[in-house]
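Read off the chains here:
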Amino acid sequence: MVRHFPISSGEMVERADRLMSAASNRYRIVVQVSRRAKRCRYEDDENGDPSLTKPVIRAVLEMSDEFTEPEILGHELN
């Protein structure tokens, strides 16, 4: 089974880099991404509808989308 991701690997790296550069603490952003990915995985399990996008990729995409709203990202990092 071939999985097609909604985003290219180059854009994924770019989004991850933006998140890392926006954070004052790299460790903190990695922890937040992992928590978000864990939550995404549990949501998929509860709904019984596994997503084609892996939880870590989905978490980075969601958090990078929130990057345009610093107050949300700042709240997540605290």
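Before reading further, recall that the structure is shown in the block above.
S.K.: Sorry if this is basic, but what is going on with the overall build of the chain here?
M.R.: Helices and strands together make up the secondary structure of the chain, namely four helices and zero strands. Helices and strands in the chain line up, N terminus first, as α-α-α-α. Classification of the 78 residues of the chain by burial places 32% in the buried group. In the chain, of all internal contacts separated by at least 6 residues, the share reaching a separation of at least 24 is 59%.

S.K.: I tried to follow the nonpolar core on my own but got confused; where do I start?
M.R.: One broad trend across soluble globular proteins is that nonpolar side chains are buried collectively. Judged by nonpolar contacts, I7, M12, L19, A23, I29, V33, A37, I57, A59, V60, L61 and M63 together constitute the single largest core of twelve residues. Where this core is concerned, the elements lending two or more residues are helix 1 (9-22), helix 2 (26-47) and helix 3 (55-66). For this core, the leading source of residues is helix 3, giving five residues.

The rules behind these values
Residues numbered from 1 in each chain as written. Predicted model: local features only at pLDDT ≥ 70, side-chain atom pairs only at ≥ 80, totals over all residues. Heavy atoms only, no water. Helix = DSSP H or I, 4+ residues; strand = E, 2+ residues; numbered from the N terminus. Buried < 20%, exposed > 50% of the residue type's maximum accessible area, 1.4 Å probe, protein only. Contact = heavy atoms within 4.5 Å. Core = buried A, V, L, I, M, F, W, Y, C linked by side-chain atoms within 4.5 Å.

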